[in-house]
Amino acid sequence: MNTLSLVRFVAKPIVLLVCMIPLLHAAGDVYGITGTLGANPIENLQDRFGNWGLRFMLIALAVTPLRKLTGWNWLTRFRRMLGLFAFFYVLLHFVVWLVLDRGIAFGPAWDYVFEDLFERPFITIGFAALLILLALTATSTAAMRRRLGRSWQKLHNWVYVAAVLGVWHYWWQVKLDASEPAIYATILGVLLGYRVWARKTAARAPTSQRT
């Protein structure tokens, strides 16, 4: 079995199952199988899904640097999956807030939702990040990439904006200890800094070395 077949038929299913573990763990805690959600279950679920959304976003952004540093080109075959899981967990974070925290499922609470979206800055930028990820997810297929042509890459560069907004959202959300969002911010800074460095290095390289 060659490398591509190994990635497609063995590694991808394993990564898919690993990416589902946070959801399965949360479901287990909801039903008291794997643990509990603590004194504030809604906040617990929100935080879990939001954190995992950020983690998967950063892992997806780490694919390109790892590929370039190691020469393992097959890593790119996991990037779309990781990006989709980032959107999936961020969406769950939003749905828990919308349905359980704001109570949409239990009555007409849209006034409170819109008030939060437009008057609480950390929610505004978090929602903006979700909309960007929604656009990237909707255009992530090979067919959409062919249809958009060169515009596809310009659109998907907005993932960097979504990542910054996501970390910013988390930083503003915490009230006391900002050590965890600081870790995410540091990792994101390294990933973005590497891209700036790599682009400048490529621009300075002789033409013969770029081809």
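This text follows the structure it describes.
Residues numbered from 1 in each chain as written. Predicted model: local features only at pLDDT ≥ 70, side-chain atom pairs only at ≥ 80, totals over all residues. Heavy atoms only, no water.

Novice: For this particular structure, what's the right way to read the overall build of the protein chain?
Specialist: Within the protein chain, the regular secondary structure consists of 10 helices and 0 strands. Taken from the N to the C terminus, the helices and strands of the protein chain come in the order α-α-α-α-α-α-α-α-α-α. The 211 residues of the protein chain split such that 35% are buried. Considering only contacts in the protein chain between residues 6 or more positions apart, those separated by 24 or more positions represent 59%. Carbon and sulfur atoms make up 66% of the accessible area of the protein chain, which amounts to about 13200 Å² in all. Considering the protein chain, the positive charge centre built from 22 side chains and the negative charge centre built from 10 side chains are found 27 Å apart. (Helix = DSSP H or I, 4+ residues; strand = E, 2+ residues; numbered from the N terminus. Buried < 20%, exposed > 50% of the residue type's maximum accessible area, 1.4 Å probe, protein only. Contact = heavy atoms within 4.5 Å. Areas by Shrake-Rupley, 256 points an atom, 1.4 Å probe, with all protein chains shown as cover. Lys, Arg positive; Asp, Glu negative; His and termini not counted. Charge placed at Lys NZ, Arg CZ, Asp CG, Glu CD.)

Novice: Before we go on, may I ask you to explain the side chain of His169 in this structure?
Specialist: Mapped onto the secondary structure, His169 falls in helix 8 (residues 159–173). Separated by 2.4 Å, the side chain of His169 and the backbone oxygen of Phe122 make a polar contact. In this view, His169 contacts His93, Phe122, Ile123, Ile125 and Gly126; residues no more than four positions away in its chain are not counted. (Polar contact = N/O pair within 3.5 Å; in protein donor to acceptor, adjacent residues only side chain to side chain.)

Novice: What should I look at first to understand the nonpolar core in this one?
Specialist: Note on soluble globular proteins: their nonpolar side chains tend to be buried together. One finds Phe56, Met57, Leu82 and Trp97 to be the most contacted residues of the largest nonpolar core, which totals 46 residues. Of all the elements in the fold, those that place two or more residues in this core are helix 1 (3–30), helix 2 (41–70), helix 3 (79–101), helix 4 (110–119), helix 5 (121–138), helix 8 and helix 9 (179–204). Top contributing element to this core by residue count: helix 3, with 11 residues. If we skip the residues at most four places from it in the chain, Phe56 touches Cys19, Leu82, Phe85, Ala86 and Tyr89. (Core = buried A, V, L, I, M, F, W, Y, C linked by side-chain atoms within 4.5 Å.)

Novice: Could you clarify how one ought to interpret the packing of aromatic side chains in this entry?
Specialist: Aromatic ring pairs are defined here through the distance separating the ring centres and the angle between the ring planes. The final tally for this structure, using the stated rule, is 14 aromatic pairs. Considering the side-chain rings of Tyr194 and Trp197, the 5.7 Å spacing of their centres and the 45° angle between planes classify their relative orientation as tilted. Of this pair, Tyr194 and Trp197 both sit in helix 9, 3 residues apart, roughly one helical turn. Trp197 gets classed as exposed once you look at its relative accessible area, which sits at 53%. What links up through ring pairs into an aromatic cluster is the set Phe49, Trp52, Phe56, Phe85, Phe88 and Tyr89. Residue placement shows Arg55 over the ring face of Trp52; its charged tip is 4.6 Å from the ring centre. Of note, Arg145 hangs over the ring of Trp152, and the distance from its end group to the ring centre comes to 4.0 Å. (Phe/Tyr/Trp six-rings, centres within 6.5 Å; stacked < 30°, edge-to-face > 60°. Lys NZ or Arg CZ within 6 Å of the ring centre and 35° of its normal.)

Everything listed is a geometric property; what it means functionally is a separate question.
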